[in-house]
Every structure is written in C-alpha cells, then in structure tokens.
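Chains, contacts and geometry: an overview
Chain residues, written in single-letter form:
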Amino acid sequence: MDTNQTMIAKLESIDSIVAKYFDRLEKSARDSKRELELGTGAELQAEIEAISNTERLMKIGIVGRVKAGKSSLLNAIVFNGKNILPKAATPMTAALTELKWGQGYGAEIEFFTPQDVENIKKEAQQYDRELESATKAEIAAAKEKFKSKMLPQAEIESKARQKVEREMAKSPLAASKDQYARIQACGINTADLQTKEIPFDSLEALQSQLEQYVGADGRYMPLTKSVKISLPLESLQNVEIVDTPGVNDPVVSREERTRKILKECDVIFIVSPAGQFMSSEDMELMDRITQKNGIRELFVVASKVDSELHGSERDRAGGVMTKALENLTHSLGTHLSDTLQKLKADRPEIGTAYDSLIEQKQERVLHSAGIAFSIKTSLEDSNDESKLDESEAHALKLLRESYPDNFSSHASLEANLDLISNIKTIESKLADVASRKEEIAKEKIESFRTQKQANINAYAKALIDATSNHIKEIEETDIEQLKQQQEQIARIKDNAISDIDECFDDLRSNFINELENALHNELSQYFSKARNATNEAEGTETETYEVSTSKWYNPFSWGSSRTKTRTYTTVRAGAVRSSLDDLVAMVENSIRNIGFTRTRSFKAELSRELIRTVRESVEQNGGSDDDINSRKLRSILRGIINTLQFPDMAYSDKPLPSGSGTLKGYDAERFIEEAQEFIQSLRKTTRSDIKKHCKQTAKKLENINIGDELFSELIAQLDQLAKDIENKALALSELQTIKQQLQEI
C-alpha cells in the first residue's frame, strides 16, 4: 500500500470508529474535522488526484502572428512533421486550439454564441462609422492638397479612402469588420450551432475533419471559436498545448480565455519569422504575456530560418551552413535583447516578465524551419523526392543551390535538415522544463501529503484526548459533588444565559461593523491606485500633415502648402490590463485575508469574553468557580462558533477591457472608458458583496442562541457524566476500548 492509500485508510479507520461509537465521539469528531479541514476518505482521494494531475501537467503556450510558422512547429513537435493542423487564413480566423492527451481520439468544436456574433457586428458597424468619418476628413484635406493638380473627384476620393483603410487595417475594429463579413458570407445561422463532437479514428481523419472548421476555406471556419483535441499520443503524455489566435482578436470572450490560459502556462514559445523577427505585431502579441508565480520559461522561436540562409547571409558565412546559422542566431538574439530592453523602458508594467530573454538572449532564441522537418519526414522511408509538395521541393532546391555539399547524399541531407529544423533542441528544452516541473510537483504534492497526514494525526489525537479526559472525569468526579453542580447550574442558568446573550450581542455588533469598515477602507486604496494607473497609461500623440494653400487665381501660390496638426488619445493597454489584473488579485486577497483574520480574532475574543461573563454571572448568583469547568466550556463554545466561516469572493472571471499594445484614437478612448467602467463596476460589486456577506453573517449570528446552546450542551454533558459514573465499570470499559482502537491505528 503506498503512502497516499495508507493515509486514506487511516482516516477511514478513524471515521469507522466514530461511526461505531457515534454517541460518544460524534461531537468531538465533527468539531475537529471542521478545524482541521478534513473530509471523508473519498474526498481526500479526490484531492490527492486533483493536485497530482494539476501539478504534473505541463502547459505549453504558442504565441505568434498568423503565418509565423506556429502550425508547422506544432506539427513537428506533436505529429512528427505530418501536416495535421491547418494553417489559419487571417489573424481574425485563427481559432484557439488546445491539444491534450486522451485515451481515444476526440475533438470538440466550440462555435461563436449569438452574443459573440452580436458583439462582432457592433464593432463592425463602429468600424464603418469611423471609416466614413475619417474618409470625409481625408477627402477634404486631399481636395485642398491636390487642387492645383486638377485631379478627378473620384480619384481623390479613392486615394483618400485607401489611405484611411491602410491606417485602420491594424485596428481591432478592422478585425471585427473582416470577421463579420466572413460570417455573413458563410450563410450559417449561429443560433442553430451547438458545441460539436467530431468523431475520427486516425490522424489523417482528423486532418480531413479539421479543414471544415479551421481550414482557410472551411465551411464553418468563420464561426469556429475554439477547438479542443484529445489524442492517444505519447508526445502528449502529461502535456497540454494551446495555440493562440493572432493579434486583434475580435472575440472578447476568446481573448479573455487566451490570456487566462497563457497565465497558467509553464512554457511559452513566441514564434516569429526570422525574416521579420520581433516586428511591431509580435510586440503587440507579447502584451498578452504577464509575470506569474511559479515556474515560467520563455523561448523565442525564429521560424522559417531556411529562407534566410541564402544571399548575403551565405556569403558572410563563406558558404558554410553551420556558420550561417550561428551568425543568424547571434544577430537575432542581439536584436531580441535590444527590442525587449526598449519595450521594457517604454512599458514599465512589464516588470521582469522578459528578463530571461534579455539576459540569456543566445540560449533563448531557437532557430527553426518547419518545412525542413517536413521534408525530412517525407523522405525518411525512401529518397523519393517526388513525394515532396511544391513548397517543399522549392525549399530543398534553394538549399542545394546555396550549400551543395550539405545536401549531396541522403545521409548528409537528413542530418542537415535536422540541423535547420532544430526540433530536437526544442524538444530537449521541453524535456528540461518537464523535469523541473516534475520536481516542483513532487515537492508540492509531498507538502500537501505531509499537511494532511499531520491533520489526520491531530484528528486521532483530539479524539484520544477527549476520550482520555472523559475517562479521567469518570474516575475523579464525586457523584454527590456532580449533583450539587447540576443543581447549581440549573439555579443560575436563566440569569447566566441572559448575561451571556447580552455580551454576545455587543461582541457580534462590534465585529460586523469593524469587519465591514476594515474591508471598505482597505479596498478603497486599491481602486484609487487602479484609477491612477489608468490615467498614467493615457497619453496623446500629435500628427502633422500638409494642406495645400494653392489658389487657382494666383499662379504664385501654386504648389504652396501649410502644415496642420491633429492630436489623438493613446493608451498603453497592457499597462492598464496589468493594473486591473493586480486590482482583482489584491481585492480577492484582501477580502480573504481581512475576513479570515477578523473572524479568527472574533472567535478568540468571543471565547475569552463569554467564559469571563459566565464566571462573573455564576459568582453574582451565589455560585463558585468550582461550578464551572472552563475546559469543557471552551470545548462547547468551539463547537458552536466554529461554524462561522468567511467565504472566498472571486472576481477573476470578470472580463477585462479588450485590447493590447498601444491603442490610438477611438480604440484608445473606447478602451479607457471600458477600463473606468470595469473599476467602477468592480467597486460596486465588491461593496455589494461585502454588505451582503456582513448582513448574512449578522443574521446567522443573531440566530445563534448562544447562552441557551451553551448551557443545554453543558447540562447534557453533565447528565451523561452522571450516567457514566452510575455505570462506571461499563462506561470505562467502553471508553478504554475506544481509546485503544484509536491508538492502534
């Protein structure tokens, strides 16, 4: 029997003794389990399985713009180079794809909801309004600028519209416009679509099925939100991989899920084409990556490196391919470090998220070429190059022309394709992270196990101590003195209950008021800080443009112009989102910590003050301290007040404003408005939740007749003690048996 099963068996054995001697042990068992946060053996088994699965599963995130080579990288890592995952048509049509291990083949397709489509439609309509407004302004400026050239009206308007469309192309609104046009063109009613399970029994069948949903020309492609694929592949054992959509995702709900998943990843590969390495679009995508606790590894994959090994790069390396790869990787690493240092200076909210990439630039940039791995896979069984598709054949032709010695034989061809693809190096990085992940997982699981084992031992000890104390009471209590104590308690009971209830009311009222005030005062500073962060991330940029001042009647003015400026709002969306993430975390943590601390202090004060009140009441009513067993009173009080718990309040599911990178104009204004609304909404929600909880807690405390419950339980325990003394031999025998059975576990 392993350690976990031994621990579970011990808990179940204790519970079986409690069940057997229910009348003797039930109250002590209930109170102890509540304090020690112990459930049943089955619940403990479920906890162990959950933490084991969660901690051991390595999550890999793939980030990169469309056509960066993400699908090729995944196909190489997961499918041994087979082109199973289709390539997305545009940044707007890239679905969120999750890959994980499963006992059998399975895929789940999630479609956009009617609300998703309605949101996309509204954004598309806003794009049209913004486009029309900007175009009118541009046409007016163009008419002035080209007046002397006497250009036709239609040509002026066409050029103005093209210019505005180019400027708006990278706007999130443009993404929504493109997405909505595709949705309309597909002719499918979204209200009829439900999450769909698609059957397949091989990778080839999966490839065929996926084309309908995420392929460039797939019928359902415009409406596919995400794809979850389960496969019985060794490469996916203890691994979960997520391939994220491109920048400017028009679907807010999917963007939120993407960000949440990336926060949970142990490894993130940022895929950027070597020919356009770390472009502004890559920087926008990296805005999704934030710092988190625990293990986090970042690597940048310079993809499509084969296309950069020709021309000047080949000449610089003297025709030596290994030297060309070394030179290229070194220059890409330097470029990465310089770019990220500038990004970090411009966006201080990034913190230390990219420090490993900056400090270990050469080790963290991994060159890759999915097509090289694909060629190698196609030629693995034979050297029949007719099996290559057009792009593979062309890539191999260029490599042979630039480095003929490296691709002269089948053996050298295979070795050098491996070198260019670099998949083995990428896999070794994953293996290294998995190894460290396993070590951390073992530590966390062992810590959990140690704590639970200690709690189970404490549970058994509490029952043994309670049994031992009862044995001692039976052996040492004089029956006549006990009867006098019972009579005295019966005589003072009513007055004592009144005093206890009055004390309890005062303590309860103070506790609720102090708890609510402490929570509101603590949280108000966090909301203020978030508003300041939003304001600090807001800015303005000024754009200059030329306006013609030519007059047809004045030849001397022909060709003249003057400079005009226009100012628009900007906002660093990543900085704002980071501050809002921090706000949510601080709010949740503060509510949890203050609630726990204040509740614990209240319980301690309650126990202390109520016992003092009982003693004073007993003395005032002619009794003595001997009439009260403080240990017994504390035990009874603990059972009554331990039901008071402060709940966790979670707000991390509230969607943050959508946007990344530096937004400008309408996009910036919309984002700032949404951020301010988020802060206001969260503040309103937390105030309401705190008020609701405090009201519920006050009501719960009001319903506790603590004086009556305290004395009822005290009288019941004294009655039981009297019965046990009257049947001393039988009671001691039973209690000794219980104690012995608990000690033997």
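Everything here concerns the structure above.
Okay, so let's go over this structure.

1. Here's the deal with the overall build of the chain
When its secondary structure is counted, the chain shows 24 helices and 12 strands. Here the chain holds 745 residues, and the buried ones make up 48% of them. Nonlocal contacts in the chain, meaning residues at least 24 apart in sequence, comprise 82% of its contacts between residues at least 6 apart. Total accessible area computed for the chain in this model is approximately 36,400 Å², and 46% of it derives from carbon and sulfur atoms.

2. Some remarks on empty space enclosed by the protein
The final tally for this structure, using the stated rule, is 2 cavities of 30 Å³ or more. Estimated volume of the largest cavity: approximately 40 Å³. Together, His520, Leu523, Ser524, Phe527, Arg683, Thr686, Arg687 and Ile690 line the largest cavity. Of all elements in the fold, only helix 19 (479-537) and helix 22 (665-702) reach the threshold of two or more residues within the lining of the largest cavity. Across the lining of the largest cavity, the residue classes tally to 3 nonpolar, 3 polar and 2 charged.

3. Considering the sheet that holds strand 4 (residues 196-198)
Read from one edge to the other, the open sheet built from 9 strands follows the order 4-3-5-2-6-1-7-8-9, with strand pairing classed as mixed. Each edge of the open sheet is held by one strand with a lone partner, namely strand 4 and strand 9 (365-367). Going from strand to strand, the sheet's axes swing by 20° on average, the running direction of each strand aside. Strand direction decides the pairing type here: strand 2 (residues 96-101) and strand 6 (residues 239-243), joined by 4 bridges, are antiparallel. Residue Leu99 lies in a different strand from strand 6, and its bridge partner there is Ile241. Together, strand 8 (297-303) and strand 9 form the strand contacts of helix 12 (residues 321-346), whose direction differs from that of strand 9 by roughly 145°.

4. Re the pairing of strand 5 (residues 224-231)
The buried fraction of strand 5 amounts to 7 of the 8 residues, a majority that puts the element mostly inside the structure. By the bridge criterion, 6 bridges tie strand 3 (residues 106-111) to strand 5 in an arrangement that is antiparallel. Bridging across to strand 5, Phe111 finds its partner in Thr224.

5. Brief notes about the packing of aromatic side chains
On inspection of all chains with the given rule, the structure shows 6 aromatic pairs. Between Tyr213 and Tyr220, the ring centres sit 5.3 Å apart and the planes meet at 20°, which makes this aromatic pair stacked. Pair check on accessibility: Tyr213 and Tyr220 agree, each one buried. Measuring from centroid to centroid gives 4.2 Å for Phe511 and Phe602, while their planes differ by 10°, and the two rings are stacked. In this pair, Phe511 is assigned in helix 19 and Phe602 in helix 20 (residues 573-620), connecting sequence segments 91 residues apart. Across this residue pair, the class does not change: Phe511 and Phe602 are buried.

6. A closer look at the pattern of salt bridges
Scanning the model with the defined rule gives 30 salt bridges in all. A salt bridge links Asp31 to Arg30, with the nearest nitrogen and oxygen atoms 3.6 Å apart. Judged by relative accessible area, Asp31 falls into the buried class, the value being 6%. When its relative accessible area of 36% is taken as the criterion, Arg30 is described as partly exposed. Notably, a salt bridge pairs Asp505 with Arg508, separated by 3.0 Å at the nearest N-O pair. You can see Asp505 and its partner Arg508 sitting in helix 19, 3 residues apart, about one turn around the helix.

7. Examining the nonpolar core
Judged by nonpolar contacts, the single largest core of 92 residues is most densely connected at Tyr459, Leu583 and Ile706. The dominant element in this core, judged by the number of residues it contributes, is helix 19, at 19 residues. Membership of the second largest hydrophobic core comes to 53 residues, among which are Val78, Leu85, Leu99 and Ile241.

8. Remarks on the packing of helix 21 (residues 630-641) against helix 23 (residues 706-726)
Here helix 21 crosses helix 23 at 130°, and the two axes come no closer than 10 Å. It follows from the interaxial angle that helix 21 and helix 23 lie oblique. In the crossing of helix 21 with helix 23, the sense of the turn from one axis to the other is right-handed. Each of Lys632, Leu633, Ile636, Leu637, Ile640 and Ile641 in helix 21 lies in contact with helix 23, whose residues at this interface are Ile706, Glu709, Leu710, Glu713, Leu714 and Gln717. For the contact of helix 21 with helix 23, the residue count by class is 8 nonpolar, 1 polar and 3 charged.

9. So, helix 21
Given a rise of 1.5 Å per residue, 12 residues ought to cover 16 Å, and the 16 Å separating the end C-alpha atoms of helix 21 matches this to within 8%. Lining the buried residues of helix 21 we find helix 2 (22-36), helix 18 (423-476), helix 20 and helix 23.

10. A short note on the side chain of Lys603
Locating Lys603 in the fold gives a position in helix 20. Despite being buried, Lys603 has no salt bridge partner; Glu35 is the closest side chain of opposite charge, sitting 7.8 Å away. For Lys603, the residues in contact, after removing those within four places along its chain, are Ile641, Asn642, Leu644 and Gln645.

Reading the values: rules and limits
Residues numbered from 1 in each chain as written. Predicted model: local features only at pLDDT ≥ 70, side-chain atom pairs only at ≥ 80, totals over all residues. Heavy atoms only, no water. Helix = DSSP H or I, 4+ residues; strand = E, 2+ residues; numbered from the N terminus. Buried < 20%, exposed > 50% of the residue type's maximum accessible area, 1.4 Å probe, protein only. Contact = heavy atoms within 4.5 Å. Areas by Shrake-Rupley, 256 points an atom, 1.4 Å probe, with all protein chains shown as cover. 1 Å grid on protein atoms, 1.4 Å probe; cavity = no way out; pocket = protein on both sides within 12 Å on 5 of 7 lines; lining within 4 Å. Points joined across faces, edges and corners; volume = space filled by probe spheres on them. Nonpolar A, V, L, I, M, F, W, Y, C, P; charged D, E, K, R; others polar. Pairing = 2+ DSSP bridges. Axes fitted to C-alpha atoms, helices over the stretch in contact; angles between N-to-C directions. Phe/Tyr/Trp six-rings, centres within 6.5 Å; stacked < 30°, edge-to-face > 60°. Salt bridge = Lys/Arg side-chain N within 4 Å of Asp/Glu carboxyl O. Core = buried A, V, L, I, M, F, W, Y, C linked by side-chain atoms within 4.5 Å. Parallel < 35°, antiparallel > 145°, perpendicular 65-115°, else oblique. Left-handed = near helix turned anticlockwise from the far one by under 90°. Expected span 1.5 Å × (residues − 1). Lys, Arg positive; Asp, Glu negative; His and termini not counted.

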